Amino acid sequence: RMDNLGKTDLTFPLGSSPLWEDITPIPQDDGPDPIVPIAYSKHFVDVMDHFRAIIKKEEHSQRALALTTEVIKVNPANYTGWLFRRECLFALGADLKQELKFVDEIAAVSSKNYQLWHHRRVIVQHMKDAGTELEATTKALLQDPKNYHVWAHRQWVLRTFDLFQNELKFVDLLLKQDIRNNSAWNQRFFVVKNTTGFTKEALSQEIKYAYAAIEKAPNNLSPWNYLRGLVAQKDFDQLDLVNSGAASIIKKDKKCAECYSFLVDMALKFPAANRLKPALKMCEKLKTELAQIRAKYWEYQAANVQAKLEKLEEAKSAETSGNS
Amino acid sequence: MSCDHAHEKPAADKAAGTEGPGAAETKAAKEKLDFRKDVHLRYFMYTLRMLPEDYEGFDTKRMMILYLALSGLDVLGELEKVDKKTATKAIDWIYAMQKVPPPKQPEAKAHFGFRGGPSYGGKYDPTCKAGGGGDPGLSRDEAHIAMTYSALCALRILGDDLGRVDKKAITRSLQMLQRENGCFRCASTEEDDMRFMYCACVISDMLGDWSGVDKEAAVKYIVESQAFDGGIGLRIGAEGHGGTTYCAVASLVLMGRLDALKDPEGLVRWCVYAQGSGFVGRPNKPPDSCYSFWIGATMKMLGVYDLSSAKDNRQFNLRCQTKWGGFGKYPDVHPDILHSYFGICGLSMMGMDGLRPIDPVWGITLRAAGKEKQDNSAS
């Protein structure tokens, strides 16, 4: 798949080309009887033997740059190849925008590659310009909406160059395509956290956003986790909004396992007898009927609820006996 | 959650009790669920002997593949199939991959430890005399933290006493690899992330020397990396992910700081919810055999492994076996060494017969870790 990418003028085998006449290829020394040896192709050996020679010479020339293209193509995870390539690019004053286009090409075939995204990061840092990056990551994510590397790179770009302005719109777009895209939900949290922060207004808006998504797919775990993230914010005081949202979900779907699971967590987080007692019933319902694969977890949660109830009761009776 | 995963029910459920094609489907499905140790043994043995051309992309990670294959054989209880000659050559090869300080400069500042392969190293030399230097290799040659971890594991599995390991050089190198934010790079020119945090911690624990790790900074980084849903990501802000959650939790356990987590109950919930049939790496993604280890081991370390459904986990993993040997990430895909190893580890943690128990923190068998007397599988 790599064959047609990053066309260079190199001809193979390199040794037969006058361009490399002065170079003595350096083979690797794998010992007399290697373990886990790879059945390298002749081409791989040709490229790597010449690359070793070029490294030894510390040569950052055009032909060296072209060679790094081949090194990356035969092994996109070769971080020394990417590193030496950068050195050539910077030494030659190469067109870095063009380089990013080359990286795009490789990403199209090998997008789950840490080195590629690290390379992008260094190039962009060098350019001090993230101009291309939102577009490049948008394109990549529209194709592969959960690509972990791309999301990590995009977060780096947003943070480093303060480009948050249109990010919530982008998250909206992805969630319209797939309301279950957990990466997009994570990004939403990241944006709010790094822009407005979780103010009262932001919390209120985000709670409503989460419930709107839940209405579309009530057992979608991502927005329920998002809600859990919201209620965990400092000095959270919008319980009424959260509870009314949950109540309306239950009204529409009495078997919504995720809603009950969430309400159990809420009872544990904001303990009160009128939340904990129903929570025990919910654990039972989840265990026996709605989410049996997690039966043991519901027992565990029920034990947690019970413990909190007992603690409340203890505190109450201590208070009462203190007052009498 | 069961409705969201209905499409993943095994074929056996659909075909149960019917005649004709249904019955054949049931039989085939049942056969698929037998653990075929013999083909997996073959798979790991072949891996040691030769990797096909399409493993060229793993050229800088051969040390890791060696660890996965040897540990896989160990978990299968078949390590003795590796004859003495092969074991000796493996140990020598591992030591030849060690980068040690130059002669007369034992305190030299560079990244020492183990390489993934001989690509940029110099002359093959397994002797590694302390301060002996060996061949420094090409100018960009350096160790790789994950390969150092893999090498130490492989040596322990083969029963080597680490006598040729330059422990001080490795520990000093860890110091160099730790960044101000507390996390670790894998090499001096590369990025830091949670995987290498784990490597730094487990290496320190194996060598019995934590002087290369600023624990406070490391713990702070991990705690900040816990996402709002309880899972832990590759970096701060990143999505919670099964592999990185394992790395983070294991690191905290190794540093004795599991108590530092801000949302321990969220973590438990995140792990429990990661199981539909098999385990997923992130919410709303399909189950993948390797997560039975990453998340299973995390749950072991948290003492909540019993909250998972071993039956569903086992069924899914077994369906990921291939007829050629090894496991794929999903049922009916080609095997690869990573999923083969972690798929089998997942089965071992369920206590499947004939598989050796694993130390969830070091990622090798209790036997290789020398911890058989203290079985740490808390749940």
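Scroll up to find the structure this text is about.
Here's what I pulled together on the structure shown here. It should be emphasised that the depicted structure is a prediction, and the values quoted were computed from it without experimental measurement.

1. Brief notes about the overall build of chain B
Secondary structure summary: chain B contains 15 helices and four strands in total. Put simply, 70% of the contacts in chain B that link residues at least 6 apart link residues at least 24 apart. Counting every atom, chain B has about 14400 Å² of accessible surface; 53% of that belongs to carbon and sulfur.

2. Re helix α1 (residues 42–57) of chain A
All names here are of chain A. Helix length check: α1 (16 residues) gives 23 Å between terminal C-alpha atoms against 22 Å at 1.5 Å per residue, within 8%. Along α1, the positions that sit buried rather than exposed are F44, D46, V47, M48, D49, H50, F51, R52, A53, I54 and I55. Packing partners of the buried residues in α1 comprise α2 (62–74) and α3 (79–92). Following α1 by one or two positions, E58 has its phi on the positive side, about 55°.

3. Details of the environment of D306 of chain B
All names here are of chain B. Within the secondary structure layout, D306 lies in the loop between α12 (291–302) and α13 (310–319). Accessibility expressed as a relative area gives 45% for D306, which makes it partly exposed. Taking C-alpha positions, D306 is 9.7 Å from G296, a pair spaced 10 residues apart along the chain.

4. A short note on the nonpolar core
Counting 189 residues, the largest nonpolar core has Y211 of chain A together with I94 of chain B as its most contacted members. Looking at this core, the element that brings in the most residues is helix α8 (residues 194–207) of chain B, giving 11 residues. In this structure, Y211 of chain A is in contact with W224, L227, L241, V242, G245, A246, I249 and F262 of chain A, ignoring residues within four places of it in sequence. Core analysis: the next-biggest nonpolar cluster, separate from the first, contains 29 residues, F44, I54, I123 and A130 of chain A among them.

5. Description of the side chain of N181 of chain A
Residues and elements named next belong to chain A. Relative to the helices and strands, N181 resides in the loop between α8 (167–177) and α9 (182–194). Of the polar contacts made by the side chain of N181, one reaches the backbone nitrogen of S183; its length is 3.0 Å. Those residues within four positions of N181 in sequence are excluded, and the remaining contacts are P145, K146 and L175.

6. Points about the packing of α9 of chain A against helix α10 (residues 200–216) of chain A
Residues and elements named next belong to chain A. Taken N-terminus to C-terminus, the directions of α9 and α10 make an angle of 170°; their axes are 12 Å apart at the nearest point. One element, α9, and the other, α10, form an angle in the roughly antiparallel class. In this structure, α9 contributes W185, R188 and V192 to the contact, and α10 contributes A202, Q205, E206, Y209, A210 and A213. Looking at side-chain class alone, the contact of α9 with α10 contains six nonpolar, one polar and two charged residues.

7. A closer look at the interface of chain B and chain A
Taken together, the contact pairs 72 residues of chain B with 68 residues of chain A. Here chain B meets chain A over a buried area of about 6300 Å², counting both sides, of which 54% is carbon and sulfur. If you sort the residues of chain B by the area they bury against chain A, R140, F228 and Y273 of chain B come out on top, with a joint share of 13%. Taken together, the links from chain B to chain A amount to six salt bridges.

8. Observations concerning the pattern of salt bridges
Pairing is possible between side chains that carry opposite charge, provided their charged atoms lie close to one another. Residue and element names in this part refer to chain B. The final tally for this structure, using the stated rule, is 40 salt bridges over all chains. For D193, the salt bridge identified is with R195, shortest N-O distance 2.9 Å. You can call D193 buried: its relative accessible area is 1%. For E216, the salt bridge goes to R257, with nearest N and O atoms at 3.5 Å. With E216 in helix α9 (residues 215–224) and R257 in the loop between α10 (242–254) and α11 (264–273), this pair connects stretches of sequence that are 41 residues apart. Overall, the relative accessible area of 54% leaves E216 in the exposed class. Since its relative accessible area comes to 25%, R257 is described here as partly exposed.

9. Things to note about the side chain of S119 of chain B
In this fold, S119 of chain B is placed in the loop between β2 (113–114) and α6 (145–157). By relative accessible area, which is 3% here, S119 of chain B ends up buried. Excluding its chain neighbours within four sequence positions, the residues that come into contact with S119 of chain B are Q28, M48 and R52 of chain A together with D59 and T60 of chain B.

10. Looking at the environment of T288 of chain A
Considering the arrangement of structural elements, one finds T288 of chain A in helix α14 (residues 273–290). Between the C-alpha atom of T288 of chain A and that of W298 of chain A, which follows or precedes it by 10 residues, the distance is 9.3 Å.

Cut-offs and rules
Residues numbered from 1 in each chain as written. Chains lettered and ligands numbered in written order. Predicted model: local features only at pLDDT ≥ 70, side-chain atom pairs only at ≥ 80, totals over all residues. Heavy atoms only, no water. Helix = DSSP H or I, 4+ residues; strand = E, 2+ residues; numbered from the N terminus. Contact = heavy atoms within 4.5 Å. Areas by Shrake-Rupley, 256 points an atom, 1.4 Å probe, with all protein chains shown as cover. Expected span 1.5 Å × (residues − 1). Buried < 20%, exposed > 50% of the residue type's maximum accessible area, 1.4 Å probe, protein only. Core = buried A, V, L, I, M, F, W, Y, C linked by side-chain atoms within 4.5 Å. Polar contact = N/O pair within 3.5 Å; in protein donor to acceptor, adjacent residues only side chain to side chain. Axes fitted to C-alpha atoms, helices over the stretch in contact; angles between N-to-C directions. Parallel < 35°, antiparallel > 145°, perpendicular 65-115°, else oblique. Nonpolar A, V, L, I, M, F, W, Y, C, P; charged D, E, K, R; others polar. Buried area = accessible area lost by both parts, 1.4 Å probe. Salt bridge = Lys/Arg side-chain N within 4 Å of Asp/Glu carboxyl O.

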